[in-house]
Number of protein chains: 2
Amino acid sequence: MDRRIDRLQRIGAARPGTILLSGGLPAAELFPKQALARSFLTVLDQPNRTNGLQYGWPEGDLALRSWIASRLRRRGAVHVQSDDVIITSGAQQAIDLAARVLYRPGDRVGVDAESYPAALDLFRSRGLQLAAADERVAGFYCMPSVSNPRGLEFGPAARQCILNRLETGDVSAIEDDAYAELRFDGTETRPLCADAPDGVLHVGTFSKVLCPGLRVGWLVPPRRLFQEMLAAKQEADLQAGGLAQAVLEHYLRTNDYDAHVAAARDFYAGRADALVTALRKELPQASFCEPQGSFAVFVETDLCGDDIDLLSVSLAHGVSFDPGRAFRREGRASPLSMRLAFACEPAERIAEGVARLAAAFRAYVHRSGDRAQTAT
Amino acid sequence: MDRRIDRLQRIGAARPGTILLSGGLPAAELFPKQALARSFLTVLDQPNRTNGLQYGWPEGDLALRSWIASRLRRRGAVHVQSDDVIITSGAQQAIDLAARVLYRPGDRVGVDAESYPAALDLFRSRGLQLAAADERVAGFYCMPSVSNPRGLEFGPAARQCILNRLETGDVSAIEDDAYAELRFDGTETRPLCADAPDGVLHVGTFSKVLCPGLRVGWLVPPRRLFQEMLAAKQEADLQAGGLAQAVLEHYLRTNDYDAHVAAARDFYAGRADALVTALRKELPQASFCEPQGSFAVFVETDLCGDDIDLLSVSLAHGVSFDPGRAFRREGRASPLSMRLAFACEPAERIAEGVARLAAAFRAYVHRSGDRAQTAT
């Protein structure tokens, strides 16, 4: 991440009263604290020797892998068995492991024009070239079910385009499914790996729907890559947290996860509405798509400028956002764009945050004078 | 890891009655389950918003970093402040991050003739060349306080040799301090980073003294490398487990950690004695050093042979060990050697395990006939 963005976001997070429209954080009020506490006590109280506290195998807890495989089968990936799943330290590690095994420095990786910043940072720092999906690439990184930062599902043409390329057998795709469960309309999307089991490395996580602090995600590579991916996992950190896995497995076995997901979808849909309404009222000149899911909206303008400077002005107005350059394949700061997260603030603070943002925009444009011109 | 070793160890672990002298696992009976359960409940019950369940900063929990810095200062690394510490997903990740930032494929890394297998595997898979410490190298990986697999402290000459090389400023050392607290005589060793703050990347973990299932370790890089290491950490998995960090921090604040460490030292010293006594009785022809700490003894013989075949025979006799080739810089299987772990089995089973091992040795030598000759 750009050091300047990091510095500003830390200032914003530390300043009381700042309305946080930045970050991909879930709402803390949805964390099932009581149920997790019960699962912790039960797991720690079991009379077997380890209780998730001992070392485990690098692939992770078998019952948890079985649960993940079963859920993927329900969504159409009928080939996935528990033996295909590697538990990872969050989705980020799954992406890192996949990139480590698939790509060599200099390789071109196809990504959307805007994508998940920590994946882009990772690819860049590994010496990979970011390219459009229609260019000649060694592989793809994509979020077909619910994209970040736009919160949209791939259209049929974009999906088919990648599937056609995977059919040639000489490229692979990393499918980041982090937000897939959070489709506001409840659609259970069909993962890309269902249609190309031998070409897709499927990545998922409990961070968005349950909580990030357990750091449990997963990777389902094609079978031909499983052993190599497992070795990479072991080299990276031996295994994901054993206690976190044991607790999650118990939680999933003893609670109604579907009900939790459904409640989370409704909750976030309400906050998305609040943001969309506020944007239409306060920033009518900005353009964006209503998200189908996820925690955020990607907002674009036709104003030239520097989105980090705008963030600095916004923080002075008491509101944060994520500068658009962090999401852009090309890293451009201009024309001004931003990701606005709606997950962590209640509706009235979202409305107030967008009003502050509109004021910050005006102050920025005024201060910048003719440097902040409309891009033509 | 060699796939054959992995397959055999899984067979041994799954077969009831096998005496496990393999693995670097701590004794499960020392895990402070009740105290950790109390900390979990307290942390999850706190009225603040996140309780370790939310995303955190990549460097980790400030209070935990402060505790680690303070403990390193007590051991003589007086320069270490909380801002110097990065919480990692176990020591293995700290080694991986350090290697990622320090080395490029083809670089030579100086390691002991025998060392920690998961680090050697990691270096090899990154295309690094393993070399002796006195060769021309880009850097070192070492365990100066308590080595793995021998459980010995560096002698003054070996330590000074590395310090002299670090003084030139063109090489760095990864100091793996995983077992440093487990010196049976209670010595608080002075970490290498105390004598070369700008050249040493110090690595530690709670896995050996408390429990591995929390996956919390740390990395203290030289200040000039801190931001680069932090970016690498974020790319690898965003952050270490938030809940695990919060619980550990609470546990350390509300329990007598020094007393826990002292009890663990005595406990493991007793088991080490049991193994040493059994070896002298049952395998008088084998050579080894009495360990000063750690969980294991490295046993060498002058017999040619294949240590994986010997493991296979041993499992049939109901005892496992770690084949010596996994620890050897050169990866040689012969002459036969092995690491015997004493941490996880009570004294009477250690004695029985070594008796079984001696029988397996005899069967192996008998079966191999003149292929198992004394190396000359």
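For the structure itself, consult the block above.
Before going into details, it helps to say that this report is about the structure given with it. (Residues numbered from 1 in each chain as written. Chains lettered and ligands numbered in written order. Predicted model: local features only at pLDDT ≥ 70, side-chain atom pairs only at ≥ 80, totals over all residues. Heavy atoms only, no water.)

Focus on the pairing of strand 12 (residues 337-341) of chain A
Residues and elements named next belong to chain A. Counting buried positions over the five residues of strand 12 gives five, a clear majority of the element. Neither face of strand 12 is open: one carries Ser337, Arg339 and Ala341, the other Met338 and Leu340, and all of them are buried. With five bridges connecting them, strand 9 (residues 296-300) and strand 12 associate as antiparallel partners. Looking across to strand 12, one finds that Val299 is bridged to Met338. (Buried < 20%, exposed > 50% of the residue type's maximum accessible area, 1.4 Å probe, protein only. Helix = DSSP H or I, 4+ residues; strand = E, 2+ residues; numbered from the N terminus. Pairing = 2+ DSSP bridges.)

Re helix 11 (residues 307-316) of chain A
Side chains three or four residues apart in an α-helix point the same way, a direct result of the helix having 3.6 residues per turn. Residue and element names in this part refer to chain A. Of all the 10 residues making up helix 11, seven are buried; the element is thus mostly covered by neighbouring parts of the structure. Along helix 11, the positions that sit buried rather than exposed are Asp307, Ile308, Leu310, Leu311, Val313, Ser314 and Leu315. Summarising the contacts, the buried residues of helix 11 are in contact with helix 1 (3-14), strand 10 (319-320), strand 11 (322-323), strand 12 and helix 12 (347-368). The N-cap of helix 11, judged by a side-chain oxygen 2.8 Å from the amide nitrogen of Ile308 a few residues on, is Asp306. Gly318 lies just past helix 11 and shows a positive phi near 90°. (Contact = heavy atoms within 4.5 Å. Polar contact = N/O pair within 3.5 Å; in protein donor to acceptor, adjacent residues only side chain to side chain.)

Comments concerning the interface of chain B and chain A
Between chain B and chain A, the contact holds 60 residues from the first and 60 residues from the second. Summed over both sides, the interface between chain B and chain A buries roughly 4,800 Å², with carbon and sulfur atoms accounting for 56% of that surface. Its largest share of buried area at the contact with chain A, chain B owes to Leu53, Tyr55 and Glu235 of chain B, together 15% of the area lost on that side. At the junction of chain B with chain A, the criterion picks out four salt bridges. Of the charged contacts, one joins Arg10 of chain B and Glu59 of chain A as a salt bridge, the two residues approaching to 2.5 Å between their closest N and O atoms. At the surface where chain B touches chain A, the tally comes to 24 residue pairs in polar contact (both at pLDDT 80 or more). Among the secondary structure elements, those contributing two or more residues to the side of chain B that touches chain A are helix 1 (3-14), helix 2 (33-45), helix 4 (90-102), helix 5 (117-125), helix 8 (226-237) and helix 9 (242-254) of chain B. (Buried area = accessible area lost by both parts, 1.4 Å probe. Salt bridge = Lys/Arg side-chain N within 4 Å of Asp/Glu carboxyl O.)

Notes on the nonpolar core
Counting residues in each nonpolar core, the largest one holds 255 residues, and the members touching the most others are Phe123 of chain A together with Phe123 of chain B. If one sorts the elements of this core by residue count, helix 10 (residues 257-282) of chain A sits on top with 11 residues. Apart from the residues within four sequence positions on either side, Phe123 of chain A is in contact with Ile95, Ala99, Val109, Val111, Leu128, Leu130, Tyr141 and Ile174 of chain A. (Core = buried A, V, L, I, M, F, W, Y, C linked by side-chain atoms within 4.5 Å.)

Structural notes on the pairing of strand 6 (residues 172-176) of chain A
All names here are of chain A. Within strand 6, five of the five residues are buried, which leaves it mostly tucked inside the rest of the structure. Here strand 6 shows no split at all, with Ser172, Ile174 and Asp176 on one side and Ala173 and Glu175 on the other all buried. When strand 5 (residues 139-142) meets strand 6, the two strands line up parallel, connected through four bridges. Across the sheet, Cys142 pairs through a bridge with Glu175, a residue of strand 6.

Brief notes about the relation of the copies chain B and chain A
Mapping chain B onto chain A calls for a screw motion: a turn of 180° about the axis and a shift of 0.0 Å along it, with 0.0 Å RMSD after fitting. Between the two chains, the operation in question is that of a two-fold axis. Counting the interface residues of chain B, we find that 100% of their copies in chain A are interface residues as well, pointing to one common contact surface. (Least-squares fit on C-alpha atoms with pLDDT ≥ 70 in both.)

With respect to the sheet that holds strand 2 (residues 86-88) of chain A
All names here are of chain A. Taken together, seven strands build an open sheet; the order of strands is 2-8-7-6-5-3-4 and the sheet is mixed. Single-partner strands in this sheet number two, and they are strand 2 and strand 4 (129-131). On average, each strand axis in the sheet is inclined to that of its neighbour by 25°, with strand direction left out of account. When strand 3 (residues 108-110) meets strand 4, the two strands line up parallel, connected through three bridges. (Axes fitted to C-alpha atoms, helices over the stretch in contact; angles between N-to-C directions.)

In short, shape yes, function no, at least from these values alone.
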